[in-house]
Amino acid sequence: MPTVLAGVARLGAERIRVVASPLIELGCALHVLAEPDHHDRVAWAAAVPLSAALRTELAQWSWTVRAVRATFFATSAATGVPAWADELAGLRARPPEEVAAELVRPLRGRPLNSRSVDADAVLHWARSRGPSVAALVESLLTDPAEPVRRFVDLLDACWQEWFGAVWEESRDALAARGRHDRDLAIRDGAGAMLRSLDGSIGVRDHDSVVIQKVQSKRIDISTRSLLLVPSNYIAPHLFIGEIPGAPVTIIYPAGGRTSVVPTAQQIRARLDALASPDRLQVCRAVASEPRTAGEIAALWGLQSTQVTRHLRALTRAGLVTAERQGRFVAYRLNNNALTELGTDLLTLIMR
């Protein structure tokens, strides 16, 4: 289930770029505005000083900044700290057909790492978002000049009303975090640097790291470039972008490495262990006090061999702990593991 970055040991520092991009950071911030709940920023989103008209217009385009986002929100050709005016001018100077194709990327379906646009599929998924979005997307596909201009104007309005001031306050810190991470790669290697970015990234072997995401894929970066983009708005996500002709992009929390959560395999083992009704009875039996397998079997009318198997499975999953009392082994429910299971599962899914 996890994502694996292979070829890490062969990734030289000369192929690692860092950018503090106002355009990418605005995309991350707009994602939070569209989905503030799972970012735990509901109060922040409500306090963003945007006019009612701009909020309404942003709602029409919110599908461009969801889990899959428009290409220019997911990668950059720049290095260092590009100016907002330059990034915006770059968008305006591009052919509207190109910008439109990048805007509809979230609706294109698989494979996301393809440049082709299946117009029928895009229109189909646009209709699922309501008639106004469907009409907007149809205009992007058939006559893109006006809707692209409208979208770029929307970004500039966000900058003027709100985000320009936010960027001025955060720009230098984001740039410093990026430089720190590249320096770490030069000093200790790409693997050590990648592991420092987020609690979901761990070692698989000397040449690869594993990222705990509900996304089973393998990306070979041994001959590719890597783009690091620190962000104040990406958490709890860790964004990995694989776009044709662009470096592999990692947008990661600028605030530092997040706490480590159990792996996808560990969480799945816990869910599997709880899938049996009899195991839930066993959990109930050891919830209030330690009990042996024989005692559980007698009190709950279960076969002792079945109880023993259930306890072993629950112990392997970390949901039950065992302690020896003389010649007996007593089992106790691991309350913390059960309490944290929902949080761990949500963290994994959101990552």
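See above for the structure.
Residues numbered from 1 in each chain as written. Predicted model: local features only at pLDDT ≥ 70, side-chain atom pairs only at ≥ 80, totals over all residues. Heavy atoms only, no water.

Focus: the overall build of the protein chain
Part 1 of the argument: Of the regular secondary structure elements, the protein chain holds 14 helices and 10 strands.
Part 2 of the argument: Projected onto the principal axes, the alpha-carbon positions of the protein chain cover approximately 80 × 50 × 40 Å.
Part 3 of the argument: Nonlocal contacts in the protein chain, meaning residues at least 24 apart in sequence, comprise 70% of its contacts between residues at least 6 apart.
Part 4 of the argument: Accessible area for the protein chain stands at about 16,300 Å²; split by element, carbon and sulfur atoms hold 52% of it.
Part 5 of the argument: When the 41 positive and 37 negative side-chain charges of the protein chain are each reduced to one mean point, those points stand 9 Å apart. (Helix = DSSP H or I, 4+ residues; strand = E, 2+ residues; numbered from the N terminus. Contact = heavy atoms within 4.5 Å. Areas by Shrake-Rupley, 256 points an atom, 1.4 Å probe, with all protein chains shown as cover. Lys, Arg positive; Asp, Glu negative; His and termini not counted. Charge placed at Lys NZ, Arg CZ, Asp CG, Glu CD.)

Structural notes on the pairing of strand β1 (residues 3–6)
Part 1 of the argument: Alternating positions in β1 separate into two faces, Thr3 and Leu5 on one and Val4 and Ala6 on the other, with burial throughout.
Part 2 of the argument: Looking at chain direction, β1 and strand β4 (residues 208–211) are connected through four bridges and run antiparallel. If you follow alanine 6 over to β4, its bridge partner there is serine 208.
Part 3 of the argument: As defined by bridge partners, β1 adjoins strand β5 (residues 217–220) across four bridges and the pair is classed as parallel. Residue valine 4 lies in a different strand from β5, and its bridge partner there is arginine 218. (Buried < 20%, exposed > 50% of the residue type's maximum accessible area, 1.4 Å probe, protein only. Pairing = 2+ DSSP bridges.)

Re the nonpolar core
Part 1 of the argument: Core analysis: the biggest nonpolar cluster contains 59 residues, and Leu30, Phe72, Leu103, Val137, Leu155, Trp162 and Phe163 have the highest contact counts within it.
Part 2 of the argument: When residues of this core are assigned to their parent elements, the largest contribution, 13 residues, is made by helix α8 (residues 145–188). (Core = buried A, V, L, I, M, F, W, Y, C linked by side-chain atoms within 4.5 Å.)

With respect to the packing of helix α11 (residues 277–285) against helix α13 (residues 304–316)
Part 1 of the argument: The N-to-C vectors of α11 and α13 enclose an angle of 80°; their axes lie 10 Å apart at closest approach. By the angle between their axes, α11 is roughly perpendicular relative to α13. Within the contact between the two elements, α11 uses Asp278, Arg279, Val282 and Cys283 and α13 uses His310, Leu311, Ala313 and Leu314.
Part 2 of the argument: Considering only residue class, the contact of α11 with α13 consists of five nonpolar, one polar and two charged. (Axes fitted to C-alpha atoms, helices over the stretch in contact; angles between N-to-C directions. Parallel < 35°, antiparallel > 145°, perpendicular 65-115°, else oblique. Nonpolar A, V, L, I, M, F, W, Y, C, P; charged D, E, K, R; others polar.)

Describing the sheet that holds strand β2 (residues 16–18)
Part 1 of the argument: As summarised here, the arrangement of the four strands in space is β2-β6-β8-β7, forming an open sheet in which the pairing is mixed. Each of the sheet's edge strands pairs with one partner strand only, and the pair in question is β2 and β7 (239–241). Each strand of the sheet is rotated relative to its neighbour by a mean of 20°, with strand direction disregarded.
Part 2 of the argument: With six bridges connecting them, strand β6 (residues 226–231) and strand β8 (residues 248–253) associate as parallel partners. Paired with leucine 227 across the strands is threonine 249, a residue of β8.
Part 3 of the argument: Its contacts with the sheet place helix α1 (residues 22–34) against β6 and β8, and it is angled at close to 55° to β6.

Notes on α11
Part 1 of the argument: Among all positions of α11, only Val282, Cys283 and Ala285 are buried. Axial view of α11: buried residues confined to an arc of 160°, hence all on one face. In this structure, α11 carries Pro277 and Arg284 as exposed residues pointing more than 90 degrees from its buried face.
Part 2 of the argument: As for α11, its buried residues are in contact with α12 (293–300), α13 and β10 (328–333). (Arc of directions from axis to C-beta.)

A word on the packing of aromatic side chains
Part 1 of the argument: Evaluation of the coordinates by the stated rule reveals 11 aromatic pairs.
Part 2 of the argument: Note on phenylalanine 72 and phenylalanine 151: the rings are 6.0 Å apart at their centroids and 50° apart in plane angle, and the pair reads as tilted. One end of the pair, phenylalanine 72, is in the loop between α3 (52–60) and α4 (84–93); the other, phenylalanine 151, is in helix α8, with 79 residues separating them in the sequence. The same class applies to phenylalanine 72 and to phenylalanine 151, which are both buried.
Part 3 of the argument: Pairing tryptophan 84 with tryptophan 159 gives two aromatic rings, centres 4.6 Å apart and planes at 0°, and the pair type is stacked. Here tryptophan 84, found in helix α4, pairs with tryptophan 159, found in helix α8; they are 75 residues apart in sequence, far enough to count as distant.
Part 4 of the argument: Taking relative accessible area as the criterion, tryptophan 84 reaches 7% and is therefore assigned buried.
Part 5 of the argument: Taken together, Trp44, Trp84, Trp159, Trp162, Phe163, Trp167 and Tyr233 form an aromatic cluster joined through their ring pairs.
Part 6 of the argument: One residue, arginine 41, lies across the ring of tryptophan 44, its end atom 5.7 Å from the ring centre. (Phe/Tyr/Trp six-rings, centres within 6.5 Å; stacked < 30°, edge-to-face > 60°. Lys NZ or Arg CZ within 6 Å of the ring centre and 35° of its normal.)

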